[in-house]
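Residue-level structural notes
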Amino acid sequence: MNIELINISKTFQDELVLKDVSGSFDIHSIAIIGPSGGGKSTLLRIIGGLLTPDSGALKIDGETIEFSKRYLHNYRRNIGFVFQSKGLFEHLTAIENMLLPLIHAFGMGKTEAVEVSSKLFERFGLTDEKNKYPFQLSGGQQQRIAIARAVAVKPWLLLLDEPTSALDPEYTAEVLNMLGELQNDGLKSIIVTHEMGFAKNACEKVIFLAQNRIVESGNSSQIFKHPQTEELQAFLNKILEWKV
Amino acid sequence: MKQTLSKEPSRSKKIASAIFVAIILIGFLWFSVNAINLKLDFSTLYQYRYRLWEGFWMTVTISVASLIVSLALGSLSALGQNSRILVISYFCKAYVQIIRGTPLLVQIYFFYYIIGTAWGVNNRYLAGVLILSIFEGAYISEIIRGGLASIDRQQYEVAKSIGLTPAKTLQLVTFPILMARILPALAGQFASIIKDSSLLSVIAVIELTQTVQEISADNFRMFENYLFVGVLYFILTFSVSLLSGGLERRYNHEYRVNQYQ
Ligand SMILES: Nc1ncnc2c1ncn2[C@@H]1O[C@H](COP(=O)(O)OP(=O)(O)OP(=O)(O)O)[C@@H](O)[C@H]1O
Ligand SMILES: [Mg+2]
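Criteria and thresholds
Residues numbered from 1 in each chain as written. Chains lettered and ligands numbered in written order. Predicted model: local features only at pLDDT ≥ 70, side-chain atom pairs only at ≥ 80, totals over all residues. Heavy atoms only, no water. Helix = DSSP H or I, 4+ residues; strand = E, 2+ residues; numbered from the N terminus. Buried < 20%, exposed > 50% of the residue type's maximum accessible area, 1.4 Å probe, protein only. Contact = heavy atoms within 4.5 Å. Areas by Shrake-Rupley, 256 points an atom, 1.4 Å probe, with all protein chains shown as cover. Lys, Arg positive; Asp, Glu negative; His and termini not counted. Charge placed at Lys NZ, Arg CZ, Asp CG, Glu CD. Domains from an automatic or database assignment. Buried area = accessible area lost by both parts, 1.4 Å probe. Salt bridge = Lys/Arg side-chain N within 4 Å of Asp/Glu carboxyl O. Polar contact = N/O pair within 3.5 Å; in protein donor to acceptor, adjacent residues only side chain to side chain. Nonpolar A, V, L, I, M, F, W, Y, C, P; charged D, E, K, R; others polar. Near = heavy atom within 4 Å. Axes fitted to C-alpha atoms, helices over the stretch in contact; angles between N-to-C directions. Parallel < 35°, antiparallel > 145°, perpendicular 65-115°, else oblique. Left-handed = near helix turned anticlockwise from the far one by under 90°. Pairing = 2+ DSSP bridges. Arc of directions from axis to C-beta.

Notes on the overall build of chain A
- What chain A contains, in helices and strands, is 9 helices and 10 strands.
- Going through the 244 residues of chain A one by one, you find that 53% of them count as buried.
- In chain A, the proportion of contacts linking residues at least 24 apart, taken out of those at least 6 apart, comes to 65%.
- Just so you have it, chain A exposes about 11,100 Å², and 46% of that area is on carbon and sulfur atoms.
- With 25 positive and 29 negative side-chain charges, chain A shows a separation of 3 Å between the mean positions of the two kinds.

Printed below as a string of structure tokens:
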């Protein structure tokens, strides 16, 4: 799968967040890293069809994404999106959270939807959590259910916006393990993350986004060993300063 | 969970406490009645039973009709207040402010004698329902607006991301969350409608209060009449609160969980 960004710009109330972001990426797994406020979430939400850029174009496998209501509605159904936190419907149990998109966005029959959901719960060791509400689940369980829900519809692409940054380290590991497993199954994904270990070892490519643009991108094996730009070198030094 | 369970008082304790409270309340009433040497005789009301029954039903009918109309008005005005079209937003805000800022009695006279006469609404029952609905709708509007504002924006973002249409989002996300949050307040407002309908007696709508006023002019037994009618109103409002308790449990996530466990 190829994703092409052509001069994408976005401004929020006079604040320039993305300026002429361009690039073409063959996706298997990409990590987006960069300083806070650099526009990572904004870019991911544009790719996910949740936000419309002020100008520029987005192409997936050569097809231009139209930012019109009807087009986006269909587009979003085929793309999974996982939020930093609170990504489950608060008034529904874990299983109901899974069933809702399958039945109401995909038009799957109830029996089939229950079957698909149960299988995923089993696979990721969430069966005991089935009938719990989000407020009764740990942050890690919530995130794993959110990921399971996003992959249940077999999306073309899974987008994750800092899925572990609100979690304790032990929960972070359980979520990242699940992701690694899905990636090995061939799921294509873009993840915004502060977990440099995961970006380096589990993602093929890395995009470094700072100061409203893509400063550097490339294979993760290269980029962490030999950062080319001063910005990325400074960023990595800062982040790795306290690493044990 | 376990802690709250162990703190739950035992059944016998609950019953004993309830009886104690009832004795205090009845004792207080009985003492007061005796202190002014009042001899209450409710049997005189028996001959008016048909009129009381009709008044009672009129109150129920007017309240239910007003609840339906005021829910519609309240929903529209809650949505209207958030409208991007300024004229609509201002109109809804003015409606809520003015209605909540003036007494119902003043509104009844104003709408019935001035607006109603001007627009040819002569049926006092219809007028009564409309006036009451306009009044209660302003309060319901605020309840709904507050409920909508309390829903986390992220829930809509999630709905969008999984590809729900706006209509489905309203049906499957907004409505159930909103209901769980505002049902207690809505039930309270319905109890208010029932009580406030008594003021329609000033335009001679023959509901419960008007009926009792007419009976009082006939039998001069003010105390019995009003005490009795007070009990009737309480039966109505208490039923509403029982009913809403049941509905609340239906919409309350936490209760549904305990059923599964
Ligand atoms: N809806 C919005 N309205 C106004 N400003 C916004 C909005 N969303 C984002 N911004 C602004 O855009 C800038 C970039 O935000 P973004 O969330 O994309 O950064 P980020 O790289 O994801 O940062 P973080 O690592 O902290 O999540 C920020 O300065 C933020 O204040
Ligand atoms: Mg972000």
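A closer look at the domain arrangement of chain A
Residues and elements named next belong to chain A.
- Structurally, chain A comprises domain 1 (1-78 + 158-244) and domain 2 (88-155).
- Using C-alpha coordinates to define each centre, domain 1 is positioned 25 Å away from domain 2.
- Contacts between the two partners involve 15 residues from domain 1 and, on the opposite side, 16 residues from domain 2.
- Counting the surface lost from both domain 1 and domain 2, the interface buries some 1,400 Å², and carbon and sulfur atoms represent 70% of this.
- Counting the surface domain 1 buries against domain 2, the share from its top three residues, Arg77, Leu158 and Met178, is 38%.
- Linking domain 1 with domain 2 are 3 salt bridges.
- For the pair domain 1 and domain 2, the interface holds 5 residue pairs in polar contact (both at pLDDT 80 or more).
- For the side of domain 1 that touches domain 2, the element with the most residues is helix H6 (residues 169-184), which contributes 7 residues.
- Of the residues belonging to the side of domain 1 that touches domain 2, the class tally is 10 nonpolar, 1 polar and 4 charged.

Brief notes about the site of ligand 1
Residue and element names in this part refer to chain A.
- Neighbouring ligand 1 are 14 residues, the closest being Glu15, Ser36, Lys40, Ser41 and Thr42.
- Glycine 37 is positioned such that a nitrogen or oxygen atom in its backbone is 2.8 Å from an oxygen atom of ligand 1.
- Residue glycine 39 places a main-chain N or O atom 3.0 Å away from an oxygen atom belonging to ligand 1.
- Coverage of ligand 1 by the protein amounts to 66% of the 640 Å² it exposes when considered alone.
- Among the elements that line the shell around ligand 1, the one with the most residues is helix H1 (residues 40-47), at 3 residues.
- Of the residues contributing to the shell around ligand 1, the split by class is 3 nonpolar, 8 polar and 3 charged.

Focus on the environment of A:Phe12
- Along the chain, A:Phe12 falls in strand S1 (residues 2-12).
- Taking relative accessible area as the criterion, A:Phe12 reaches 30% and is therefore assigned partly exposed.

Structural notes on the packing of helix H3 (residues 49-81) of chain B against helix H4 (residues 86-100) of chain B
All names here are of chain B.
- Close contact between H3 and H4 brings their axes to 7 Å; oriented N to C, the two are set at 130 degrees. By the angle between their axes, H3 is oblique relative to H4. Considering the relative orientation of H3 and H4, their crossing is left-handed. Here Leu73, Ser77, Gly80 and Gln81 of H3 lie close against H4, whose contacting residues are Ile88, Ser89, Cys92, Lys93, Tyr95 and Val96.

Details of the sheet that holds strand S6 (residues 79-82) of chain A
Residue and element names in this part refer to chain A.
- Taken in spatial order, the 6 strands line up as S6-S7-S8-S3-S9-S10 in an open sheet, and their pairing is mixed. Two strands in the sheet have a free side with no partner beyond their single neighbour: S6 and strand S10 (213-219). Averaged over neighbouring strand pairs, the angle between their axes works out to 15 degrees when direction is ignored.
- Across 4 bridges, the pairing between S6 and strand S7 (residues 157-161) is parallel. Its bridge partner being in S7, glycine 80 is matched across the sheet by leucine 158.
- Seen against the sheet, H1 touches strand S3 (29-33), S6, S7, strand S8 (189-192) and strand S9 (205-210) and runs at an angle of roughly 155 degrees to S7.
- The sheet contacts of helix H5 (residues 139-152) involve S6 and S7, and relative to S6 the element is tilted by about 170 degrees.

Notes on helix H9 (residues 230-240) of chain A
Residues and elements named next belong to chain A.
- Every buried residue of H9 is listed here: Leu232, Phe235 and Leu236. Looking straight down H9, one finds that the buried residues subtend no more than 95 degrees of arc, so they occupy a single side. Those residues of H9 that are exposed and aimed more than 90 degrees away from the buried face are Glu230, Asn237 and Lys238.

A few points about the side chain of B:Ser141
- Mapped onto the secondary structure, B:Ser141 falls in helix H6 (residues 124-149).
- Assessed through its relative accessible area of 0%, B:Ser141 is described here as buried.

Concerning the interface of chain B and chain A
- Listed per partner, the contact involves 24 residues of chain B and 26 residues of chain A.
- The tally of links between chain B and chain A comes to 3 salt bridges.
- Residues A:Arg45 and B:Glu157 are paired through a salt bridge, measuring 2.8 Å at the closest nitrogen-oxygen approach.
- Our count for the chain B to chain A interface comes out at 11 residue pairs in polar contact (both at pLDDT 80 or more).
- For the side of chain B that touches chain A, the secondary-structure elements that each account for two or more residues are helix H7 (153-161), helix H8 (166-196) and helix H11 (253-260) of chain B.
- Counting residues per element, the side of chain B that touches chain A draws most heavily on H7(B), which supplies 7 residues.
- Residue composition of the side of chain B that touches chain A, by class: 10 nonpolar, 7 polar and 7 charged.

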